[in-house]
Amino acid sequence: MAEYDFDLFTIGAGSGGVAASRRAASFGAKVAICEGSRVGGTCVIRGCVPKKLLVYAAQFRDGFEDSAGYGWASHTPAFDWETLIARKDKEIDRLNGIYITMLKNSGVTLFEGNGRIIDAHTVEVAGQRHTARTILIATGGWPSLPPIEGIEHAATSNEALHLPSLPHSVLILGGGYIAVEFAGIFRGLGAEVTLMIRGDDLLNGFDDDIRIELAKEMTKRGITIISRCKPEKIVQGPGGYTVTDHMGREHSAGLVLAATGRRPNTKGLGLESVGIALDDKGAIPVNEWSRTSVDNIYAIGDVTDRMALTPIAIAEGRALAETLFNDNPTTISYDNVPTAVFSIPPLGTVGLTETQARAKFAKVDIYKAGFRPMKHTMSGRDERVLMKLVVDGESQRVLGCHMMGMDAPEMMQALGIALNCGATKRDFDRTIALHPSTAEEFVLMREKAPESKTL
Ligand code: NDP
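Under the annotation held in an unreviewed UniProt entry, the chain carries the name Glutathione reductase and is attributed to Azospirillum doebereinerae. Of the chain, the UniProt comment under Function (unreviewed entry) reads exactly: "Catalyzes the reduction of glutathione disulfide (GSSG) to reduced glutathione (GSH)." For the chain, the Catalytic activity (unreviewed entry) comment in UniProt is given as "2 glutathione + NADP(+) = glutathione disulfide + NADPH + H(+)".

J.: Before we go on, may I ask you to explain the overall build of the chain in this structure?
T.: The number of helices and strands found in the chain is twelve helices and 22 strands. Counting only C-alpha atoms and orienting by the principal axes, one finds that the chain spans roughly 75 × 60 × 45 Å. In the chain, which comprises 455 residues, the proportion classed as buried is 50%. Relative to all contacts within the chain whose residues are 6 or more apart in sequence, the contacts with residues 24 or more apart total 63%. Total accessible area on the chain stands at roughly 21400 Å², and carbon and sulfur atoms take up 51% of it. A distance of 2 Å separates the average location of the 49 positive side-chain charges in the chain from that of its 55 negative side-chain charges.

J.: In this structure, what is going on with the pairing of strand S1 (residues 6–11)? I would like to understand it.
T.: The element S1 is extensively covered by neighbouring structure, given that five of its six residues are classed as buried. When S1 meets strand S6 (residues 128–137), the two strands line up parallel, connected through five bridges. By the bridge assignment for S6, Phe-9 is matched with Ile-135. As paired elements, S1 and strand S2 (residues 31–35) share four bridges and run parallel to each other.

J.: Before we go on, may I ask you to explain the side chain of Asp-66 in this structure?
T.: Among the secondary structure elements, Asp-66 is positioned in helix H3 (residues 48–66). Side-chain polar atoms of Asp-66 contact the side chain of Arg-381, separated by 2.9 Å. Discounting chain neighbours no more than four positions away, the residues touching Asp-66 are Lys-375, His-376, Ser-379 and Arg-381.

J.: Please clarify how the UniProt feature "active site" (unreviewed entry) in the chain should be interpreted in this entry.
T.: Summarizing the sequence annotation, UniProt attributes the feature "active site" (unreviewed entry) to His-435 in the numbering used throughout. His-435 gets classed as exposed once you look at its relative accessible area, which sits at 63%. In terms of polar contacts, His-435 uses its side chain to reach the side chain of Glu-440, at 2.8 Å.

J.: Whenever I open this one, the state of the cysteines confuses me. Can you help?
T.: In protein chemistry, a disulfide is the covalent bond that joins the sulfur atoms of two cysteines. Counting across every chain of the model gives zero disulfides. Summary of cysteine pairing: Cys-34 is not part of a disulfide, and the nearest cysteine sulfur, belonging to Cys-43, is at 19 Å. By relative accessible area, which is 1% here, Cys-34 ends up buried.

J.: Whenever I open this one, the sheet that holds strand S17 (residues 339–341) confuses me. Can you help?
T.: Consider a sheet: its strands pair through backbone hydrogen bonds, and that pairing is either parallel or antiparallel. Here six strands make up an open sheet; going across it, the order is S17-S18-S21-S20-S19-S22 and the pairing antiparallel. Whereas interior strands pair on both sides, the edge strands pair on one side only; in this sheet they are S17 and strand S22 (448–449). As defined by bridge partners, strand S19 (residues 364–371) adjoins S22 across two bridges and the pair is classed as antiparallel. In the sheet register, Ile-366 faces S22, and the bridge partner there is Ala-449. Along the sheet, helix H7 (residues 208–220) makes contact with strand S18 (347–351), S19, strand S20 (385–392) and strand S21 (398–404), crossing S21 at roughly 5°.

J.: What am I meant to see in the sheet that holds strand S11 (residues 231–236) here?
T.: The sheet built from three strands is open, its strands ordered S11-S12-S13 with antiparallel pairing. Sheet topology places S11 and strand S13 (250–253) at the edges, where each strand pairs with a single neighbour. Pairwise comparison of adjacent strand axes, ignoring direction, gives a mean angle of 25° for this sheet. With four bridges joining them, strand S12 (residues 241–245) and S13 adopt antiparallel strand pairing. Considered in S13, the bridge of Thr-244 is made with Glu-250.

J.: What should I look at first to understand the layout of surface pockets in this one?
T.: Space left empty within the atom packing is revealed by a probe, the size of a water molecule, rolled over the atoms. The volume enclosed by the second largest pocket comes to roughly 390 Å³. Contributing to the lining of the second largest pocket are 18 residues, with Gln-59, Ile-344, Pro-346, Met-406 and Asp-407 lying nearest its centre. Mapped onto the lining of the second largest pocket, the elements with two or more residues apiece are H3, helix H10 (374–379) and helix H11 (408–420). Ranked by residue count, the leading element in the lining of the second largest pocket is H3, at six residues. Per-class residue counts for the lining of the second largest pocket are eight nonpolar, two polar and eight charged.

J.: Sorry if this is basic, but what is going on with the site of the ligand here?
T.: Around the ligand sit 18 residues, and of these Gly-175, Ile-178, Asn-204, Ala-308 and Ala-340 come closest. Within the contact set of the ligand, an oxygen atom lies 2.8 Å away from a backbone nitrogen or oxygen of Gly-175. Asn-204 places a polar side-chain atom, nitrogen or oxygen, 2.7 Å from an oxygen atom of the ligand. When isolated, the ligand has an accessible area of 910 Å², and the protein chains bury 73% of it. Ranked by the residues each element gives to the shell around the ligand, the list is headed by helix H6 (residues 177–189), at three residues.

J.: For this particular structure, what's the right way to read the pattern of salt bridges?
T.: Once the charged atoms of two side chains with opposite charge are near each other, the side chains can pair. Within the structure shown, the criterion is met by 32 salt bridges. In this structure, Arg-187 and Glu-192 form a salt bridge, with 3.9 Å as the shortest nitrogen-oxygen distance. On the basis of relative accessibility, which here comes to 23%, the residue Arg-187 falls in the partly exposed class. Glu-192 sits in the partly exposed class, given a relative accessible area of 48%. Residue Arg-228 pairs with Asp-200 through a salt bridge whose shortest N-O separation is 2.6 Å. Of this pair, Arg-228 sits in the loop between strand S10 (224–226) and S11 while Asp-200 sits in the loop between strand S9 (192–196) and H7; the two residues are 28 residues apart in sequence, bridging distant segments of the chain. On the basis of relative accessible area, Arg-228 is assigned to the exposed category, the value being 56%.

Basis of the calculations
- Residues numbered from 1 in each chain as written.
- Predicted model: local features only at pLDDT ≥ 70, side-chain atom pairs only at ≥ 80, totals over all residues.
- Heavy atoms only, no water.
- UniProt positions renumbered as here; feature names shortened; annotations may be inferred.
- Helix = DSSP H or I, 4+ residues; strand = E, 2+ residues; numbered from the N terminus.
- Buried < 20%, exposed > 50% of the residue type's maximum accessible area, 1.4 Å probe, protein only.
- Contact = heavy atoms within 4.5 Å.
- Areas by Shrake-Rupley, 256 points an atom, 1.4 Å probe, with all protein chains shown as cover.
- Lys, Arg positive; Asp, Glu negative; His and termini not counted.
- Charge placed at Lys NZ, Arg CZ, Asp CG, Glu CD.
- Pairing = 2+ DSSP bridges.
- Polar contact = N/O pair within 3.5 Å; in protein donor to acceptor, adjacent residues only side chain to side chain.
- Disulfide = S-S within 2.5 Å.
- Axes fitted to C-alpha atoms, helices over the stretch in contact; angles between N-to-C directions.
- 1 Å grid on protein atoms, 1.4 Å probe; cavity = no way out; pocket = protein on both sides within 12 Å on 5 of 7 lines; lining within 4 Å.
- Points joined across faces, edges and corners; volume = space filled by probe spheres on them.
- Nonpolar A, V, L, I, M, F, W, Y, C, P; charged D, E, K, R; others polar.
- Near = heavy atom within 4 Å.
- Salt bridge = Lys/Arg side-chain N within 4 Å of Asp/Glu carboxyl O.

This is how it looks when you write it as structure tokens:
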């Protein structure tokens, strides 16, 4: 009889857990996975995918409006929220089904229910105990709410994807990824939108020029951004909610959306039974092999709070399967990870920001191009694009590419390859432009820009 029921038992069937389990099974491991909610996890069920579908919905407004400049007898047709949500749910159901089928076809056993670690080799799911040589924790994250009076009245991104109707006005707390993405969605679909941020600018950690430019574009679209403002109390009234800020000012809205960060999902996992202590952010500490303080227990994805992005969780999961079940020790690199914010207009970024580069390199050259894209010369829309290259002044290696504007996410994937190959500014310069496009500006920037004033 085998020593354990399974070679690998994965807790959490999100993108990371599913990728690790399928890859391990493909190497011949006997694998089980459990999921307390729906297979697919945050990205597929309540994150990246449904969010992007709603962004597509919101972007149609621009298309209708812009078409008049191109000769279309333009009018903005009526929008129906219920139809959008029903169609989005149907698509998510389809993807959830595909994920379940993929697990089955890979030979991975799926248990429905939350997993609880009993000891270093035992996981309990729905009252049944299973033993495993290796346990993998891939339980992701969950919205974290600020401790303010009446916070129970705030929706999170989870509920925002299932509202019964489109609110007439939305007050969003926070200015990170989720806040700016939902601001674009709700504004595009017709709601009044206000963002309340505690700092000066949106999107901490992004390149300063880009975040400032995005705020300008969002403001042009009628989104109100209230900076240096902290919510203190939320009260429900007849037509919605009133948020009182730290100066006693009242802000009313039909919906309050808390987009104030996410925290690792470790509740009920039984970590104390194996002596795994959390770090100060509530995450499971792991080494570069994704190993926890217990030799045969590993963790990947958002629960480790390394880089909370789906493709990172997938890469960590596959690297782990290679290491443990294919005799191919593999770690992943967290450098030059392309990422996008699907705001309207969107952002795309890869590599170092100007601030990060100046902290690390003696001489940094900056190149910038800001312009009105060709499409809007005739649509008449007052919307600009900003592109920026951060270059090591000594080696001429391109350290970072940043962009705010149409199609930025699509460009960053390819620019990520260039950066990973160590491309220099000269390599960018000798690449022939693809004309006419917005992307060509990345190979046409000649003049060095002065250091950003905001730094
Ligand atoms: P972020 O960490 O990006 O942003 C949180 C925001 O909430 C910040 O503006 C923060 O302010 C603010 N905040 C935090 N605590 C409080 C508080 N007590 N009162 C008021 N404001 C507060 O988190 P998100 O929830 O937007 O996203 C979570 C993660 O999910 C992201 O970091 C990202 O990794 C991932 N994600 C990725 C997406 C993508 O790739 N397109 C899309 C969505 C999410 P401050 O800046 O001052 O700290």
